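Observations on chain architecture
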Amino acid sequence: PAPSLCTCNEKHRVLRVVCVHMEYLERVQLVICKRNPAAAQLVRRGLFPCAPLSPTLAVNMDVLEFASELFVRMGPNERAWAATMTKYLKARGHEFATADSLHRRFANALSHYQVLVRLVNAEMAKIIDSFR
């Protein structure tokens, strides 16, 4: 869908983001401003950004959850994961601009996602404990 401007009077700009899903890549354009930042728009779409302010890549949260569970059962290796995912997507007609486009940004998204999940789980445990 074409990006649309919100009704605030803030400065807007267009941000292009590559979104990694399990079976495909999606390229989206977001119209962002202070009231409607990229991270919030991506999270509403079920995607987690690789950076908080101007992400160039976002990963589907189901993919991040899958990778998190996989890395619990084997040694974490984001480089091997990214290389495998890149080859898998390329075989399905989806390519990144450069050979190492996914690795660093995926590692950032995964790390921040895992921290956020731990924080949410800790807060939920506090809330549940307060009712005991």
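Here goes a summary of the coordinates provided. (Residues numbered from 1 in each chain as written. Predicted model: local features only at pLDDT ≥ 70, side-chain atom pairs only at ≥ 80, totals over all residues. Heavy atoms only, no water.)

**A closer look at the side chain of Ser 68**
Within the secondary structure layout, Ser 68 lies in helix 2 (residues 61-73). Only 3.1 Å separates the side chain of Ser 68 from the side chain of Gln 114, close enough to count as a polar contact. Every residue in contact with Ser 68, bar those within four places of it in the chain, is listed here: Leu 110, Tyr 113 and Gln 114. (Helix = DSSP H or I, 4+ residues; strand = E, 2+ residues; numbered from the N terminus. Polar contact = N/O pair within 3.5 Å; in protein donor to acceptor, adjacent residues only side chain to side chain. Contact = heavy atoms within 4.5 Å.)

**Some remarks on the pattern of salt bridges**
All chains considered together, the criterion is met by four salt bridges. Residue Glu 123 pairs with Lys 126 through a salt bridge whose shortest N-O separation is 3.2 Å. Highlighted residues: Glu 123 and Lys 126, both in helix 4 (residues 103-130), separated by three residues, approximately one helical turn. When the shortest N-O distance is used, the salt bridge between Arg 132 and Asp 129 registers 3.4 Å. Judged by its relative accessible area of 76%, Arg 132 falls in the exposed class. (Salt bridge = Lys/Arg side-chain N within 4 Å of Asp/Glu carboxyl O. Buried < 20%, exposed > 50% of the residue type's maximum accessible area, 1.4 Å probe, protein only.)

**As for the sheet that holds strand 3 (residues 47-49)**
Read from one edge to the other, the open sheet built from four strands follows the order 2-1-4-3, with strand pairing classed as mixed. Across the chains shown, the open sheet's two edge strands, defined by having one partner strand only, are strand 2 (25-32) and strand 3. Averaged over neighbouring strand pairs, the angle between their axes works out to 35° when direction is ignored. In this structure, strand 1 (residues 13-20) lies alongside strand 4 (residues 57-60), joined through three bridges in parallel fashion. Within strand 4, the position partnered with Val 18 by the bridge is Leu 57. On top of the sheet, helix 2 reaches strand 1, strand 3 and strand 4; it is set at about 70° to strand 4, its chief contact. (Pairing = 2+ DSSP bridges. Axes fitted to C-alpha atoms, helices over the stretch in contact; angles between N-to-C directions.)

**A look at a nonpolar patch on the surface**
Among the surface-exposed residues, Leu 116, Val 120, Met 124, Ile 127, Ile 128 and Phe 131 lie close enough to one another that they form a single nonpolar patch of about 600 Å² accessible area. Looking at where Ile 127 falls in the secondary structure, it is placed in helix 4. (Patch = residues over 30% accessible without salt bridge, like charges linked within 9 Å, V, L, I, M, F, W, Y side chains within 5 Å. Areas by Shrake-Rupley, 256 points an atom, 1.4 Å probe, with all protein chains shown as cover.)

**Side note on the pairing of strand 1**
Alignment of strand 1 against strand 2, held across eight bridges, turns out to be antiparallel. Bridging from a neighbouring strand, Leu 15 pairs with Leu 30 of strand 2.

**Concerning the packing of aromatic side chains**
For the structure shown, the criterion picks out four aromatic pairs. Centroid distance Phe 66 to Trp 81: 5.9 Å. Interplanar angle 40°. Geometry classified as tilted. On the criterion of sequence distance, the pair formed by Phe 66 in helix 2 and Trp 81 in helix 3 (residues 78-91) is long-range, its members being 15 residues apart. The exposure class assigned to Trp 81 is buried, which follows from its relative accessible area of 11%. Pairing Phe 71 with Trp 81 gives two aromatic rings, centres 6.4 Å apart and planes at 80°, and the pair type is edge-to-face. You can see Phe 71 sitting in helix 2 and its partner Trp 81 sitting in helix 3, a full ten residues away along the chain. (Phe/Tyr/Trp six-rings, centres within 6.5 Å; stacked < 30°, edge-to-face > 60°.)

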